[in-house]
Amino acid sequence: MLIGKIVGSVVSTRKNEKLVGSKFMIVETCAGTGDTKRVVAVDNVGAGIGEMVLVATGSAARIGCDQENAPIDAAIVGIIDSGSGLPELDRA
Amino acid sequence: MLIGKIVGSVVSTRKNEKLVGSKFMIVETCAGTGDTKRVVAVDNVGAGIGEMVLVATGSAARIGCDQENAPIDAAIVGIIDSGSGLPELDRA
Amino acid sequence: MLIGKIVGSVVSTRKNEKLVGSKFMIVETCAGTGDTKRVVAVDNVGAGIGEMVLVATGSAARIGCDQENAPIDAAIVGIIDSGSGLPELDRA
Amino acid sequence: MLIGKIVGSVVSTRKNEKLVGSKFMIVETCAGTGDTKRVVAVDNVGAGIGEMVLVATGSAARIGCDQENAPIDAAIVGIIDSGSGLPELDRA
Amino acid sequence: MLIGKIVGSVVSTRKNEKLVGSKFMIVETCAGTGDTKRVVAVDNVGAGIGEMVLVATGSAARIGCDQENAPIDAAIVGIIDSGSGLPELDRA
């Protein structure tokens, strides 16, 4: 899974019908993961901007979040409380 | 999911029969995502050149767009109205 | 999907039995995609060296080409006639 | 599979219910693999900080670890005793 | 699929039970593929150190090698005899 911070969100009105009701967040992955990038992930846990989160990618995002038939390839599946092994976590 | 702008399209006459009727668009991912690249995605929402879109990749593209048996690994599944957290969205 | 040009092929005699009969081509992805690399893809459309092609990756390659049980993760699924949005296509 | 060393862990209280009981470790992939990065993987073998491990990614992480319906895309599936072909293994 | 040369192997005693009996090889991908890296792949064809091989990744590795329920995301599925289109193959 990826670790990152929620830095924004996206609004889309014209979209695949299976995405209606989904909340699209922009997550910036931690620099400590060796590759800072921003991905769009569907929120599955009620996370908000500024929070550090766990993101599941690939088929795990659909199947693990009970949206097996939706065109979702990334989902926020946990809010991080604390941790070690990444500079961003050590500061948390 | 990826965010990008549609910058072109591709025509293919000799192709896998399950792709007949598919519209192939070239999407340039946002520089703000840390990695600008151009990918080919099948249009699922009636998007056109110049629009900012959401692209689902992997098995989500096939299954989420009701083309479970087609050789599709990327699909445009939403047109972006507005957003925050990416330079390209802030300007939109 | 990836876009690239077929630049070579590979012969393998000792291989997984589900690959018997498969034709392995080397495809160089377009520089315009931001990342030139060479991948091995199984030909599904009768493509030849020098042609510009569409490559499906991941589970789409197996399932979309009716080889659901074969160890294939990339397949050539279309020959490109024309297009726009990539330098290589504009020249085509 | 990836090879790396466990360098930390992550605690998440608010998470997808299928992740309850999962232990999230941070694994730093070997420099010898050409790309040092830190990923979050669910522990499947009782591994601890400092150990060199094998990490399975994608659907293999869910299905191979009997958590087919959980939003898991990376799992620690082996602890490495010895090996060759990577600087980190030669030193082990 | 990836092309690479087998450069080492890994021994793991404490591992997921579905991996018992699997032989883990380290494969260095060809520089000609644009990205030299070393990956761990399970041998499916009796390949040895120094051989050039084809590696299937993702779900194709599990399903194509009749280990659908094992946590395997990369498998060696062919030994390369000859080829063209990659510097390493031209020299073979």
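Novice: Now, about a negative patch on the surface: what can you tell me, with residues and values included?
Specialist: Residues Glu68(A), Glu68(B), Glu68(C), Glu68(D) and Glu68(E) make up a contiguous surface patch of negative charge. Structurally, the position occupied by Glu68(A) is in the loop between α1 (59–64) and β5 (74–79).

Novice: Hey, could you go over the interface of chain A and chain D for me, with residue numbers and the actual values?
Specialist: Many analyses report the size of an interface as the accessible area lost when the parts associate. On the chain D side, the residues contacting the 30 residues of chain A number 29 residues. In total, chain A and chain D occlude about 2,100 Å² of area from one another, counting both sides; carbon and sulfur atoms represent 49% of this. At the junction of chain A and chain D, the tally comes to 1 salt bridge. Here Asp66(A) ties to Lys18(D) by a salt bridge, and the two come within 2.8 Å at their closest N and O atoms. For the pair chain A and chain D, the interface holds 17 residue pairs in polar contact (both at pLDDT 80 or more). Taken together, the elements giving at least two residues each to the side of chain A that touches chain D come down to β4 (52–57), α1, β5 and β6 (82–83) of chain A. Taken together, the residues of the side of chain A that touches chain D sort by class into 14 nonpolar, 13 polar and 3 charged. Strand direction decides the pairing type here: β6(A) and strand β1 (residues 2–11) of chain D, joined by 2 bridges, are antiparallel. By the bridge assignment for β1(D), Ser82(A) is matched with Val11(D).

Novice: Outline the relation of the copies chain E and chain D, listing residues and values.
Specialist: Superposing chain E onto chain D requires a rotation of 72 degrees together with a translation of 0.0 Å along the rotation axis, leaving an RMSD of 0.0 Å. Overall, the copies show the geometry of a five-fold rotation axis. Little of the interface of chain E is mirrored in chain D, where only 3% of its interface residues again form contacts.

Novice: So, the pairing of strand β1 (residues 2–11) of chain B: which residues are in play, and what are the values?
Specialist: Residues and elements named next belong to chain B. Bridge count between β1 and strand β4 (residues 52–57): 4 bridges; the pairing is antiparallel. For glycine 4, the partnering residue across the bridge sits in β4 and is valine 53. Pairing geometry for β1 and strand β2 (residues 24–29), over 6 bridges, is antiparallel. Within β2, the residue paired with glycine 4 across the bridge is threonine 29.

Novice: Pulling in residues and values, what's your account of the interface of chain E and chain D?
Specialist: With 29 residues of chain E at the contact, the number on the chain D side is 30 residues. Of the roughly 2,100 Å² buried between chain E and chain D, counting both surfaces, carbon and sulfur atoms make up 49%. Along the contact surface separating chain E from chain D lie 1 salt bridge. Inspection of the region where chain E meets chain D yields 17 residue pairs in polar contact (both at pLDDT 80 or more). Elements supplying a minimum of two residues to the side of chain E that touches chain D: β1 (2–11), β2 (24–29), β3 (38–43) and α1 (59–64) of chain E. With 5 residues, the top contributor of residues to the side of chain E that touches chain D is β1(E).

Novice: For the side chain of Ser12(E), give the residues involved together with the corresponding values.
Specialist: As for its placement among the helices and strands, Ser12(E) is situated in the loop between β1 and β2. A polar side-chain atom of Ser12(E) sits 2.8 Å from the main-chain carbonyl oxygen of Ile79(D). Setting aside residues no more than four positions away along its own chain, Ser12(E) makes contact with Gly78(D), Ile79(D), Ile80(D) and Asp81(D).

Novice: An account of the relation of the copies chain A and chain D is requested, with residue identities and associated values reported.
Specialist: Overlaying chain A on chain D yields an RMSD of 0.0 Å, the required transformation being a rotation through 72 degrees with an accompanying axial translation of 0.0 Å. The two copies present different faces, since only 3% of the interface residues in chain A are matched by interface residues at the equivalent positions in chain D.

Novice: Tell me about the confidence of the model for chain A, residues and numbers included.
Specialist: Regions with low pLDDT carry predicted coordinates that are not meant to be interpreted in detail. In this model, chain A carries a mean pLDDT of 92, and residues with pLDDT of at least 70 account for 91%. Looking across chain A, the model is least confident in helix α2 (residues 87–91) of chain A, with a mean pLDDT of 72, and most confident in β5(A), with 98.

Novice: Can you explain the side chain of Asp73(D)? Please cite residues and give values.
Specialist: Counting through the fold element by element, Asp73(D) comes out in the loop between α1 (59–64) and β5 (74–79). With no salt bridge to any partner, buried Asp73(D) finds its closest opposite charge in Arg62(D), at an N-O distance of 8.8 Å. In this view, Asp73(D) contacts Met1(A), Val55(A), Ala56(A), Thr57(A), Ala60(A), Ala56(D), Thr57(D), Gly58(D) and Ala61(D); residues no more than four positions away in its chain are not counted.

Rules behind the numbers
Residues numbered from 1 in each chain as written. Chains lettered and ligands numbered in written order. Predicted model: local features only at pLDDT ≥ 70, side-chain atom pairs only at ≥ 80, totals over all residues. Heavy atoms only, no water. Patch = residues over 30% accessible without salt bridge, like charges linked within 9 Å, V, L, I, M, F, W, Y side chains within 5 Å. Areas by Shrake-Rupley, 256 points an atom, 1.4 Å probe, with all protein chains shown as cover. Salt bridge = Lys/Arg side-chain N within 4 Å of Asp/Glu carboxyl O. Lys, Arg positive; Asp, Glu negative; His and termini not counted. Charge placed at Lys NZ, Arg CZ, Asp CG, Glu CD. Helix = DSSP H or I, 4+ residues; strand = E, 2+ residues; numbered from the N terminus. Contact = heavy atoms within 4.5 Å. Buried area = accessible area lost by both parts, 1.4 Å probe. Polar contact = N/O pair within 3.5 Å; in protein donor to acceptor, adjacent residues only side chain to side chain. Nonpolar A, V, L, I, M, F, W, Y, C, P; charged D, E, K, R; others polar. Pairing = 2+ DSSP bridges. Least-squares fit on C-alpha atoms with pLDDT ≥ 70 in both. pLDDT = per-residue confidence, 0-100. Buried < 20%, exposed > 50% of the residue type's maximum accessible area, 1.4 Å probe, protein only.

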